[in-house]
Amino acid sequence: MTPAPSRLTGRDREALAIQIADKASALGRLMLGEFDSWEEYLQPATTDYASLPRRQLKAGHADVRKRLRKEIDAFYSRNFVSIRDDSILTLYEDIVSARGLEAPLNEFEEKYGKIKREVLKGNPAHLTVSVTLWGLKFLFPEDLLSKDIVSALGLISESRDKMKKYESQKHISLKNKTHEFIPHIRRIEFAQRAIVLACFNLMEAYLNGLAWDYCQSNDLSSLSNRKAKLLTDTSTASLRDKLANYPRIIAGCEDVDIDGVSGFLDVIKPFRDSLVHPSPFSAPEKFGGYQKLKKLYELDYHVSIMAVASTVLVIKGIFQLLEHSNGSPKWLSEIEDWLSEHGTESS
């Protein structure tokens, strides 16, 4: 336990001031991703400052007062609305114990300090704050799932390009080359299925995130019990119910028409359901009566790209309604760029 400052000798107070400043500086450098190892970050916690030579200690104390303190204050003022020295030290020590930190934004801010909104760069309130050797990062499912789609689209593009040289060859000449192109076909088929699943995971993540963010910042007592339950019980509400209700509840409008919703649910969803619930039994008539295995086998490149374009169209529509803008979430940009580059626009 650190002795109370009033009971410390002058030398001990200087040593403690330097250690505190070094820990605050190390935390700032870690958030900027400037360390190559945890040993570097741990140095202020493992150094015996009180045993340093008097001259070195005095020089260090003067540096703390003249330069380091200003740099530390400038870093934290750029990134935090407010953060106390004791909170900085607590955060430093918490990271030491686990060699990193992950915490939901609301918990992070309650314990350590409020991060400036411009630092969050428009990321959603349900994000997780991550501090590792890679620096300060913000994690949230929409970003990760959109990257899954981009990766799968890249795999499709790469494998389709490698298949082009076989397209002009006669069938009989290909029989002895199956070992060359079958792996590319399998990658394409895998990516196609992965894309459809990721599109629905992304849509679910986006809608659930909107509901959570709304619940955190709004009084639900003004809503009917049904509407409140729809928002808070995301595990039992169907995707169809969420698409039909979340935008209008959050926007405060009774009549909301989002482009692409019907196509997403009626055209794309049966392919997703055939993947999640593969079965030789047909879907009930109330769900379209389609044969699930037939949908599974029919899922091809065009269906997967249609799923991506439909997903982007719906998410953009909801975003523009709620944000009163003509834009889209920044985590959609890579997908939109891919669609644009390959001649498939989402709107």
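Up top is the structure these notes are about.
Here goes a summary of the coordinates provided. (Residues numbered from 1 in each chain as written. Predicted model: local features only at pLDDT ≥ 70, side-chain atom pairs only at ≥ 80, totals over all residues. Heavy atoms only, no water.)

## With respect to the environment of Gln 169
Tracing the backbone through its elements, the reader meets Gln 169 in the loop between α7 (141–167) and α8 (171–174). Its relative accessible area of 25% is what places Gln 169 among the partly exposed residues. The contact partners of Gln 169, leaving out residues within four places of it in the chain, are Leu 174 and Lys 177. Of note is the side chain of Gln 169, whose polar atom sits 2.9 Å from the backbone oxygen of Lys 165. (Helix = DSSP H or I, 4+ residues; strand = E, 2+ residues; numbered from the N terminus. Buried < 20%, exposed > 50% of the residue type's maximum accessible area, 1.4 Å probe, protein only. Contact = heavy atoms within 4.5 Å. Polar contact = N/O pair within 3.5 Å; in protein donor to acceptor, adjacent residues only side chain to side chain.)

## Things to note about the packing of aromatic side chains
For the structure shown, the criterion picks out ten aromatic pairs. Considering the side-chain rings of Tyr 166 and Phe 181, the 5.3 Å spacing of their centres and the 55 degrees angle between planes classify their relative orientation as tilted. Residue Tyr 166 is located in helix α7, and its partner Phe 181 is located in helix α9 (residues 178–217); the two are separated by 15 residues in the primary sequence. Since its relative accessible area comes to 7%, Tyr 166 is described here as buried. Between the aromatic rings of Tyr 206 and Trp 331, the centroid separation amounts to 5.6 Å while the plane-to-plane angle is 65 degrees, which identifies the pairing as edge-to-face. Here the residue Tyr 206 occupies a position in helix α9, and Trp 331 occupies one in the loop between α14 (301–323) and α15 (333–341), the gap between them amounting to 125 residues. (Phe/Tyr/Trp six-rings, centres within 6.5 Å; stacked < 30°, edge-to-face > 60°.)

## Looking at the pairing of strand β5 (residues 135–139)
Sheet topology note: the strand β4 (residues 128–132)/β5 ladder contains five bridges and is antiparallel. Among the inter-strand pairings, Thr 128 is bridged to a residue of β5, identified as Leu 139. The hairpin turn running from β4 into β5, its antiparallel successor, is two residues long. (Pairing = 2+ DSSP bridges.)

## Focus on unusual backbone geometry
Although it is not a glycine, Lys 121 sits at a positive phi angle of roughly 55 degrees. Tracing the backbone shows Lys 121 in the loop between α6 (117–120) and β4. Even without being a glycine, His 324 presents a positive backbone phi close to 55 degrees. Looking at the element boundaries, His 324 is found in the loop between α14 and α15.

## With respect to the side chain of Asp 143
Note that Asp 143 resides in helix α7. Look at Asp 143 and you get buried, because its relative accessible area is 17%. Of the polar contacts made by the side chain of Asp 143, one reaches the side chain of Lys 147; its length is 2.7 Å.

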